[in-house]
Amino acid sequence: MKLKLKVHPLFVLYGAYAAVCGRLFSFLSVTAVALLHECGHSLYAASVGYRLDRICLMPYGAVVSGEPQTLRKREEILLCLAGPFTNALTVLFFVSLWWFFPDAYAYTDTAVYASAFVGVSNLLPAYPLDGGRVLFCLTGSRKVCLVCSVLVALGCAALSFPTGNVSFLFFAGFILAGCFGGGGEYRKINFSV
């Protein structure tokens, strides 16, 4: 399977912002982890006969998409969980590496924290994150998903003020754009980090 990569202009702008703030290495680490996360979705999709073959790098992470297809509920839930599962495997790999090579910690700690962050944050019950998609699969209710998404977005926005971290505002904006944008098509195959 061949993946096509696209870069959103805001991704470049956010990367420049990260570089100016001295966070370029963290930005690149999270980008690599997000790509790995999306590859997890794509590999699982291929294993059950579906195609997710386009990845777009966005300022908040990445999005993998493919041709619109109808999935059974169980397949869709497993597809949603494939990305966070990939992140969990990445964390497990590096932590195991530390056991055998403790000096590797200094070079791999950022990858572990980024993988843990991407995996856990994607399990939040906010659409279009993986947790929000699972919530929709389980409840079938657009209203429940909207309420949860707005609450998570407000929580993220609130976190940006005491910490001064603008990334929480970007993340809140992403959640709001995802749950109110796209014509409300909750079952479209398009997975985000």
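Residues numbered from 1 in each chain as written. Predicted model: local features only at pLDDT ≥ 70, side-chain atom pairs only at ≥ 80, totals over all residues. Heavy atoms only, no water.

## As for the confidence of the model for the protein chain
Fine structural detail should not be taken from predicted coordinates in areas where pLDDT scores are low. Of the residues in the protein chain, 93% reach a pLDDT of 70 or more, and the chain-wide mean stands at 86. Of the regions scoring below 50 in pLDDT, residues 183-189 engages in 24 contacts with residues more than four places distant in sequence or in other chains. (pLDDT = per-residue confidence, 0-100. Contact = heavy atoms within 4.5 Å.)

## A short note on the pattern of salt bridges
Here the structure, examined in full by the defined rule, presents four salt bridges. For the salt bridge of Lys4 with Asp53, the shortest nitrogen-to-oxygen distance reads 4.0 Å. Of this pair, Lys4 sits in strand 1 (residues 4-7) while Asp53 sits in strand 2 (residues 52-58), and the two are 49 residues apart along the sequence. The salt bridge partner of Asp53 is Arg54, with a shortest N-O separation of 3.7 Å. When its relative accessible area of 5% is taken as the criterion, Asp53 is described as buried. Here the salt bridges do not stand alone but share partners, grouping Lys4, Arg51, Asp53 and Arg54 into one network. (Salt bridge = Lys/Arg side-chain N within 4 Å of Asp/Glu carboxyl O. Helix = DSSP H or I, 4+ residues; strand = E, 2+ residues; numbered from the N terminus. Buried < 20%, exposed > 50% of the residue type's maximum accessible area, 1.4 Å probe, protein only.)

## As for the packing of helix 6 (residues 142-163) against helix 7 (residues 166-180)
How two helices sit against one another is set out by the angle between their axes and by the gap between those axes. The N-to-C vectors of helix 6 and helix 7 enclose an angle of 165 degrees; their axes lie 8 Å apart at closest approach. What the angle tells us is that helix 6 and helix 7 run roughly antiparallel. The two elements helix 6 and helix 7 cross, and the hand of that crossing is left-handed. Residue-level contacts link Arg142, Leu146, Ser149, Val150, Val152, Ala153, Cys156, Ala157, Leu159, Ser160 and Thr163 of helix 6 to Phe168, Leu169, Phe171, Ala172, Ile175, Leu176, Cys179 and Phe180 of helix 7. For the contact of helix 6 with helix 7, the class distribution of residues is 15 nonpolar, three polar and one charged. (Axes fitted to C-alpha atoms, helices over the stretch in contact; angles between N-to-C directions. Parallel < 35°, antiparallel > 145°, perpendicular 65-115°, else oblique. Left-handed = near helix turned anticlockwise from the far one by under 90°. Nonpolar A, V, L, I, M, F, W, Y, C, P; charged D, E, K, R; others polar.)

## A few points about helix 5 (residues 130-139)
Of all ten residues making up helix 5, eight are buried, and the element is well covered by its neighbours. For helix 5, the full list of buried residues reads Asp130, Gly131, Gly132, Arg133, Val134, Leu135, Phe136 and Cys137. One or two positions beyond helix 5, positive phi appears at Gly140, with a value near 70 degrees.

## Notes on unusual backbone geometry
Here the amide bond leading from Tyr127 into Pro128 is cis, since omega sits at 15 degrees, within 30 degrees of zero. Relative to the elements of secondary structure, Pro128 occurs in the loop between helix 4 (105-121) and helix 5.

## Here's the deal with the nonpolar core
Side chains of a nonpolar character, in soluble globular proteins, are inclined to be buried together. Of all hydrophobic cores here, the largest spans 16 residues; its most connected members are Phe27, Ala45, Leu52, Ala62 and Leu79. For this core, the elements supplying multiple residues, two or more each, are helix 1 (9-20), helix 2 (24-47), strand 2, strand 3 (61-66) and helix 3 (73-100). Within the second largest apolar cluster, ten residues are counted, among which are Ala126, Leu129, Phe171 and Phe174. (Core = buried A, V, L, I, M, F, W, Y, C linked by side-chain atoms within 4.5 Å.)

## What about the pairing of strand 2?
The buried fraction of strand 2 is high, at six of seven residues. Pairing analysis gives four bridges linking strand 1 to strand 2, with the strands arranged parallel. Residue Lys4 lies in a different strand from strand 2, and its bridge partner there is Arg54. Counted along the chain from strand 2 to the antiparallel partner strand 3, the turn is two residues long. (Pairing = 2+ DSSP bridges.)

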